[in-house]
Amino acid sequence: MRHHILMIAFLLIISLSSFSLGKKAPAEDKKVKAVQVLIVGLNDNVKSNYYYDEVIEQETGMNVDSVEHQYNLIIANNIIEALPKSSCKFLTGIDNKAFEEYADKIEVKGDGEECISNLSNVPTSAFQQTLHESNANYLLVLNQHYLKRQDKPMLTVFYIVSYTLYDQNKKEIYSGNQFFTSMKLESPEKIRQISRKTTSKIASSIVKTLNL
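Residues numbered from 1 in each chain as written. Predicted model: local features only at pLDDT ≥ 70, side-chain atom pairs only at ≥ 80, totals over all residues. Heavy atoms only, no water.

### Some points on the nonpolar core
For clarity, the threshold we go by: Nine residue types can take part in a nonpolar core, namely buried Ala, Val, Leu, Ile, Met, Phe, Trp, Tyr and Cys, and a core is a set of them joined through side-chain atoms within 4.5 Å. The cut-offs for exposure are 20% and 50% of the maximum accessible area for each residue type, with area from a 1.4 Å probe on protein chains only; residues under the lower value are buried, those over the upper are exposed, and the others partly exposed. By the criteria applied, helices consist of DSSP H or I runs no shorter than four residues and strands consist of E runs no shorter than two, each listed in order from the N terminus. We call two residues contacting when some pair of their heavy atoms lies within 4.5 Å.
In this structure, Tyr-71, Ile-79, Phe-90, Leu-140 and Ile-206 are the most contacted members of the largest nonpolar core, which totals 33 residues. Those elements that place two or more of their residues in this core are strand 1 (35-41), helix 2 (53-60), helix 3 (67-82), strand 3 (88-92), strand 6 (138-150), strand 7 (156-166) and helix 7 (196-209). Element by element, the count of residues in this core is highest for helix 3, at six residues. Excluding its chain neighbours within four sequence positions, the residues that come into contact with Tyr-71 are Val-46, Ile-56, Thr-60, Met-62, His-145, Leu-147, Tyr-159 and Ile-191. In terms of nonpolar packing, the next biggest core, distinct from the first, is built from 15 residues, Ala-103, Phe-127, Ala-136 and Leu-139 among them.

Right, dumping it as structure tokens:
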């Protein structure tokens with residue numbers, strides 16, 4: 001009887017060993033290199049159908065000389081934080097000295113929803129060098145922040161962000177705009193809060209465009 005039990009146990013061990021050997025090992029996870037997008041904002045890219053710099057300074061607490069910089073930085077940082085688990089990584093290029101050398105050569109036409117930009121006047125070598133130094137595959141340009149005041153049916157400020165995505169050859173890959181609203185011009189901290197949903201949509205549109 002004991003011999004019979006030992007024989008069954010032995011056969012069971014052999015069977016399990018065979019199963020273990022015959023089972024395919026799980027495939028090693030392939031490390032996919034993240035696509036990196038450098039975000040930059042243009043100079044003098046805050047426009048409005050109503051507000052001028054001094055009013056923006058008075059109502060928001062921003063220094064008139066740093067309005068563009070603060071708006072660019074807020075939107076860029078929110079985009080960077082929007083999709084932490086995505087294989088598309090966003091990098092801040094705000095204050096990028098190499099980019100600033102040719103930023104004014106980027107042509108922008110229109111306002112608000114009709115705003116577009118192009119890089120035809122930007123030196124290709126300088127553009128590619130900027131991406132290379134930042135280890136980026138694409139450039140996301142914040143073309144314009146348009147503050148559109150609407151008085152009826154109630155006072156509303158539409159904050160419209162226009163943006164364009166370019167590849168390493170200066171080719172336009174995607175162009176769009178998103179907006180959020182407020183009842184008045186808000187402080188930088190408040191803008192940071194109320195723009196999160198909008199900046200998340202911008203990040204998502206880039207990821208979808210790049211099929212990531």
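The discussion continues.
### Considering the pairing of strand 8 (residues 172-182)
Stated precisely, the cut-off is as follows: Whether two strands pair depends on DSSP finding at least two bridges between them.
Of the pairings in the sheet, the one linking strand 7 to strand 8 comprises 10 bridges and is antiparallel in character. In the sheet register, Phe-158 faces strand 8, and the bridge partner there is Thr-181. Between the antiparallel neighbours strand 7 and strand 8 lie five residues, among them Lys-170 with a positive phi of about 70°.

### Examining the side chain of Asn-45
Defined as follows: As used in this structure description, the phrase polar contact means that two N or O atoms lie within 3.5 Å; if the pair is within protein, one of them must be able to donate a hydrogen and the other to accept it, and residues adjacent in sequence are counted only when both atoms belong to side chains.
With respect to the element layout, Asn-45 can be found in the loop between strand 1 and strand 2 (46-48). Of the residues examined, Asn-45 reaches a relative accessible area of 2% and is grouped as buried. At a separation of 3.3 Å, a polar atom in the side chain of Asn-45 contacts the main-chain carbonyl oxygen of Leu-42.

### Some thoughts on helix 3
The line we're drawing: The span one expects for a helix is its residue count, reduced by one, times 1.5 Å.
Over its 16 residues, helix 3 extends 23 Å from the first C-alpha to the last, a length consistent with the 22 Å expected when each residue adds 1.5 Å. For helix 3, every residue scored as buried is listed here: Val-67, Glu-68, Tyr-71, Asn-72, Ile-74, Ile-75, Ala-76, Asn-78 and Ile-79.

### A few points about unusual backbone geometry
The residue after Lys-152, namely Pro-153, is reached through a cis peptide bond having omega 0°. Locating Pro-153 in the fold gives a position in the loop between strand 6 and strand 7. Its identity is not glycine, yet Asp-95 carries a phi of approximately 75°, on the positive side. Turning to its location among the elements, Asp-95 is positioned in the loop between strand 3 and helix 4 (97-100).

### Concerning the packing of aromatic side chains
Condition: Ring pairs shown here join Phe, Tyr and Trp side chains whose ring centres sit within 6.5 Å, with only the six-membered ring taken for Trp; geometry is labelled stacked below 30 degrees between planes, edge-to-face above 60, and tilted in between. Any Lys NZ or Arg CZ that is within 6 Å of a ring centre and within 35 degrees of that ring's normal is treated as a charge sitting over the ring.
Summed over all chains, the structure comprises six aromatic pairs. Measuring from ring centre to ring centre gives 4.9 Å for Tyr-50 and Tyr-51, while their planes differ by 80°; the resulting arrangement is edge-to-face. Looking at Tyr-50, the relative accessible area reads 47%, which means it is partly exposed. Taking 6.2 Å as the distance between ring centres and 35° as the angle between the ring planes, the aromatic pair formed by Tyr-163 and Tyr-174 counts as tilted. Of this pair, Tyr-163 sits in strand 7 while Tyr-174 sits in strand 8; the two residues are 11 residues apart in sequence, bridging distant segments of the chain. Judged by its relative accessible area of 0%, Tyr-163 falls in the buried class. In this structure, Arg-149 packs its charged tip against the face of Tyr-50, placed 4.1 Å from the ring centre.

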